[in-house]
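Read off the chains here:
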Amino acid sequence: MENVFVVTGASRGIGAATASLAAQAGYRVVRASRSAEESVGDRGWDARCDVSSWDSVQDLMSRVESRWGRIDVVFANAGVSVDTSFISSAGAEPSEWTDMVVTNVCGPAFTARAAMPALIRTGGHLVMTGSAAGRGVRPGNLYSATKWAITGLAQAIRAEAVGTGVRVTVVQPGLVDTDAIPASRADDPKLAPEDVGRAVLYAVSQPSTVDVNEILLRPTGQAAHR
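Residues numbered from 1 in each chain as written. Predicted model: local features only at pLDDT ≥ 70, side-chain atom pairs only at ≥ 80, totals over all residues. Heavy atoms only, no water.

Colleague: Mind laying out the overall build of the chain, listing which residues take part and the relevant values?
Modeller: What the chain contains, in helices and strands, is 5 helices and 8 strands. Each helix and strand of the chain, placed in order from N terminus to C terminus, yields the pattern β-α-β-β-β-α-β-α-β-α-β-α-β. Taking 2.2 N^0.38 as the reference for a compact globule, 226 residues should give roughly 17 Å; the C-alpha atoms of the chain span a radius of gyration of 17 Å, in line with that estimate. Projected onto its principal axes, the C-alpha coordinates of the chain cover approximately 55 × 35 × 30 Å. Sorting the 226 residues of the chain into buried and exposed places 47% on the buried side. A separation of at least 24 residues holds for 64% of the contacts in the chain among residues at least 6 apart in sequence. Positive and negative side-chain charges of the chain, numbering 21 and 23 respectively, have mean locations separated by a distance of 5 Å. (Helix = DSSP H or I, 4+ residues; strand = E, 2+ residues; numbered from the N terminus. Rg over C-alpha atoms; globule rule 2.2 N^0.38 Å. Buried < 20%, exposed > 50% of the residue type's maximum accessible area, 1.4 Å probe, protein only. Contact = heavy atoms within 4.5 Å. Lys, Arg positive; Asp, Glu negative; His and termini not counted. Charge placed at Lys NZ, Arg CZ, Asp CG, Glu CD.)

Structure follows, in structure tokens:
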């Protein structure tokens, strides 16, 4: 039975690039996103899933395991970003912050909880998208704080999963060339989404005895504080 790789936030950017690389590596790939039009083939599946909804994520994992018999890798990648400030009116209004926090923090947590039973059955691999922005202080930046949370979440899951055979990796990219780049950083060095995808495939391709806990990657020339 062929291995199955589930990617959330797969409609564009890092998710789409990683899904493509996983398919090239021989996986059956589930490309999940809020906007997906449901379509199932022999090796590829476009699946609708809203990671901010526990019921939606639980339903996705159940459908995948029921149809394809197993889940081997889950890449909890879905996320959103809005500009924030805690002392001025710059950026998004606080009423707009909730979706980002729920998507970026609860989304990966829901994804992990829904996927872990299947991953335990296969001795599989959970990968989460963090950020280099989650490793240092970014003034007024709530997005950065959500990515700090992902590092802690990955560590908590890894600690609980000891003895199950499940591996847990958090990938922490610097600036990536996606439609989420702020205008102020348009000229900064950038990673291609495929660069991050290759890091994910590196982690999941290691022997079952190797658990790559964290991967930090930045484009050449990006300052560590950016």
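Picking up where we left off.
Colleague: Please give an account of the environment of Arg-198 that cites residues and values.
Modeller: Position of Arg-198 among the secondary structure elements: in helix α5 (residues 193–204). Since its relative accessible area comes to 48%, Arg-198 is described here as partly exposed. For the pair Arg-198 and Leu-21, spaced 177 residues apart in sequence, the C-alpha to C-alpha distance is 7.4 Å.

Colleague: Run through the pattern of salt bridges, naming residues and quoting values.
Modeller: Side chains that differ in sign of charge can pair as their charged atoms come close. Per the stated rule, a full pass over the model turns up 14 salt bridges. Glu-2 is the salt-bridge partner of Arg-43, the closest N and O atoms lying 2.4 Å from each other. Taken together, the residues span a long stretch of sequence, with Arg-43 in the loop between β3 (39–40) and β4 (44–48) and Glu-2 in the segment before β1 (4–8) at a distance of 41 residues. Between Arg-34 and Asp-99 there is a salt bridge, and its shortest N-O distance comes to 3.1 Å. Of this pair, Arg-34 sits in the loop between β2 (28–33) and β3 while Asp-99 is found in helix α3 (residues 97–122), placing the two residues 65 residues apart along the sequence. Relative accessible area serves as the criterion here: at 37%, Asp-99 is assigned to the partly exposed category. (Salt bridge = Lys/Arg side-chain N within 4 Å of Asp/Glu carboxyl O.)

Colleague: Could you give an account of α5, naming the residues involved and the relevant values?
Modeller: Here α5 is 12 residues long and its end C-alpha atoms lie 17 Å apart, about the 16 Å a rise of 1.5 Å per residue gives. Within α5, the full set of buried residues consists of Pro-193, Val-196, Gly-197, Ala-199, Val-200, Leu-201, Ala-203 and Val-204. Those residues of α5 hidden inside the fold are in contact with β1, α1 (13–24), β5 (73–76), β6 (125–129), β7 (167–173) and β8 (214–217). (Expected span 1.5 Å × (residues − 1).)

Colleague: Could you give an account of the packing of α3 against helix α4 (residues 142–160), naming the residues involved and the relevant values?
Modeller: Two elements in contact, α3 and α4, have axes whose closest approach is 9 Å; the angle formed by their N-to-C orientations is 15 degrees. Judged by the angle between their axes, α3 and α4 are roughly parallel. For the crossing formed where α3 meets α4, the hand is right-handed. Counting all contacts with α3, which are made through Trp-97, Met-100, Val-101, Asn-104, Val-105, Pro-108, Ala-109, Ala-112 and Met-116, the residues of α4 involved are Leu-142, Tyr-143, Thr-146, Ala-149, Ile-150, Leu-153 and Ile-157. (Axes fitted to C-alpha atoms, helices over the stretch in contact; angles between N-to-C directions. Parallel < 35°, antiparallel > 145°, perpendicular 65-115°, else oblique. Left-handed = near helix turned anticlockwise from the far one by under 90°.)

Colleague: Break down the nonpolar core for me, with residues and values.
Modeller: Judged by nonpolar contacts, the single largest core of 33 residues is most densely connected at Val-6, Val-30, Leu-60, Met-61 and Met-128. Element by element, the count of residues in this core is highest for α3, at 6 residues. With near-sequence residues (within four places) excluded, Leu-60 lies in contact with Val-6, Val-30, Ala-32, Ala-47 and Cys-49. (Core = buried A, V, L, I, M, F, W, Y, C linked by side-chain atoms within 4.5 Å.)

Colleague: With reference to specific residues and values, describe the side chain of Arg-138.
Modeller: Inspection of the secondary structure assignment puts Arg-138 in the loop between β6 and α4. This buried residue, Arg-138, is left without a salt bridge; Asp-188 holds the nearest opposite charge, at 10 Å. A polar atom in the side chain of Arg-138 sits 3.4 Å from the backbone oxygen of Ala-132. (Polar contact = N/O pair within 3.5 Å; in protein donor to acceptor, adjacent residues only side chain to side chain.)

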